[in-house]
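The residues making up each chain are set out below.
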Amino acid sequence: MGIEFVDLFDQWASTYDETVAGNDPEYREVFSGYDEMLGKLAGLAQSPVMEFGVGTANLTRKIIQHNKVVFGIEPSREMRKIAKIKCPEAGIYEGDFLNYPTLVAPIRSIVSSFAFHHLNSEEKKEAIRNYKELLEPEGEVIFIDTLFKDESYKHTLIKNAEEQGYSKLAQDLQEEYYPYLEDLKEMFVKEGFEVSFQQLNKYAWLIRAKKGE
């Protein structure tokens, strides 16, 4: 995972929950329905669960409330501090999508919310290959993240952000590694996953990739 993002996460930790709650106008639409989206993902996950990019443990908390076991991975020290306070029932470990502790427990679901886009294309491919080995037969990768239906839709979102004066959002949409739907689909299919996509808001999608037997 790009180390360039870790400092950003440390700086963002204290205000992250305010952002996802819609208090930042620039990102209000990105996180529209945030609580409901996380609730949907938490309900779909099968225990034991491995969560990447725990952040401030908002998804972790919901999974625990479903009486499921969660092993959380988070690269940011400041985010981990908050996560451990908010969700002491979960095991929270230092690591990222590509580098993480070896777990003895079988993993039935690998989950993440608004984080997988921090990997570039080659890193995404490597992560998906690794997850195929981590998961039990018929286990599932379940992500919520921003992605683009196609290049035209990407340009539309950037243009809309610029017209609203949301320069930071427009810059993020251009510079971060948000994937195109078909490219991400191809990555999962190549590794033998059966994948589906459901749009949840203007930016966010539910991505479900089931491992074969």
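Data block above holds the structure.
Draft legend 1. Layout of the packing of helix 3 (residues 34-44) against helix 4 (residues 58-65). Contact geometry for helix 3 and helix 4: axes closest at 9 Å, N-to-C directions at 45°. With respect to helix 4, the axis of helix 3 lies oblique. Between helix 3 and helix 4 the crossing geometry is right-handed. Residues Tyr34, Asp35, Leu38, Gly39, Leu41 and Ala42 of helix 3 form the contact with helix 4, whose participating residues are Asn58, Leu59, Lys62 and Ile63. Along the lines of polarity and charge, the residues of the contact of helix 3 with helix 4 split into six nonpolar, two polar and two charged.

Draft legend 2. Quick look at the packing of helix 7 (residues 151-163) against helix 8 (residues 167-175). The N-to-C vectors of helix 7 and helix 8 enclose an angle of 160°; their axes lie 8 Å apart at closest approach. Here helix 7 is positioned roughly antiparallel relative to helix 8, judged by the angle of their axes. Our pair here, helix 7 against helix 8, has a crossing hand that is left-handed. Seen from helix 7, the contacting residues are Lys154, Leu157, Ile158, Ala161 and Glu162; seen from helix 8, they are Leu169, Ala170, Leu173 and Gln174. Here the residues of the contact of helix 7 with helix 8 are counted per class, giving six nonpolar, one polar and two charged.

Draft legend 3. Summary view of the environment of leucine 184. When you line up the elements, leucine 184 lands in helix 9 (residues 181-190). For leucine 184, a relative accessible area of 2% corresponds to the buried category. With 63 residues separating them along the chain, leucine 184 and serine 121 place their C-alpha atoms 8.7 Å apart. With near-sequence residues (within four places) excluded, leucine 184 lies in contact with Phe116, Lys124, Ile128, Leu147, Pro179, Phe197 and Ile207.

Draft legend 4. Region of the structure containing the packing of aromatic side chains. Here the structure, examined in full by the defined rule, presents twelve aromatic pairs. Between phenylalanine 148 and tyrosine 180, the aromatic rings sit 6.1 Å apart at their centres with planes inclined by 50°, giving tilted as the arrangement. Taken together, the residues phenylalanine 148 in the loop between strand 5 (135-146) and helix 7 and tyrosine 180 in the loop between helix 8 and helix 9 connect sequence positions 32 residues apart. What makes phenylalanine 148 buried here is its relative accessible area of 0%. Residues phenylalanine 188 and phenylalanine 193 carry aromatic rings whose centres are separated by 5.5 Å and whose planes lie at 85° to one another, so their mutual orientation is edge-to-face. By the burial criterion, phenylalanine 188 is buried, and phenylalanine 193 matches it. One aromatic cluster in this structure is built from Phe52, Phe97, Tyr100, Phe116, Tyr131 and Phe143. Lysine 124 extends its terminal NZ or CZ atom over the ring of phenylalanine 116, reaching a point 6.0 Å from the ring centre. Its guanidinium or amino end placed over the ring of tyrosine 153, lysine 149 lies 4.5 Å from that ring's centre, counting from NZ or CZ.

Draft legend 5. Here's a closer look at the pattern of salt bridges. Counted by the stated rule, this structure contains nine salt bridges. Residues glutamate 29 and lysine 202 are paired through a salt bridge, measuring 3.4 Å at the closest nitrogen-oxygen approach. With a gap of 173 residues between them, glutamate 29 in the loop between helix 2 (16-20) and helix 3 and lysine 202 in the loop between strand 6 (193-199) and strand 7 (204-211) connect regions that are remote in the sequence. For glutamate 29, a relative accessible area of 36% corresponds to the partly exposed category. The residue aspartate 35 makes a salt bridge to lysine 62 at a minimum N-O spacing of 2.9 Å. With aspartate 35 in helix 3 and lysine 62 in helix 4, this residue pair connects regions lying 27 residues apart in the sequence. For aspartate 35, a relative accessible area of 46% gives the class partly exposed. Exposure remark for lysine 62: the relative accessible area of 18% places this residue in the buried category.

Draft legend 6. Just the sheet that holds strand 3 (residues 91-94), in detail. Read across the sheet, seven strands follow the order 3-2-1-4-5-7-6 without closing on themselves; strand pairing throughout is mixed. Looking at strand neighbours, the two that pair on one side only are strand 3 and strand 6, the edges of this open sheet. Strand after strand, the sheet turns through a mean of 15° between neighbouring axes, direction not considered. The sheet contact formed by strand 4 (residues 107-113) and strand 5 spans six bridges and is parallel. Counted as the bridge partner of isoleucine 110 is valine 141 from strand 5. Its contacts with the sheet put helix 5 (residues 77-86) on strand 2 (70-74) and strand 3, and the angle it makes with strand 3 is roughly 170°.

The rules we used
Residues numbered from 1 in each chain as written. Predicted model: local features only at pLDDT ≥ 70, side-chain atom pairs only at ≥ 80, totals over all residues. Heavy atoms only, no water. Axes fitted to C-alpha atoms, helices over the stretch in contact; angles between N-to-C directions. Helix = DSSP H or I, 4+ residues; strand = E, 2+ residues; numbered from the N terminus. Parallel < 35°, antiparallel > 145°, perpendicular 65-115°, else oblique. Left-handed = near helix turned anticlockwise from the far one by under 90°. Contact = heavy atoms within 4.5 Å. Nonpolar A, V, L, I, M, F, W, Y, C, P; charged D, E, K, R; others polar. Buried < 20%, exposed > 50% of the residue type's maximum accessible area, 1.4 Å probe, protein only. Phe/Tyr/Trp six-rings, centres within 6.5 Å; stacked < 30°, edge-to-face > 60°. Lys NZ or Arg CZ within 6 Å of the ring centre and 35° of its normal. Salt bridge = Lys/Arg side-chain N within 4 Å of Asp/Glu carboxyl O. Pairing = 2+ DSSP bridges.

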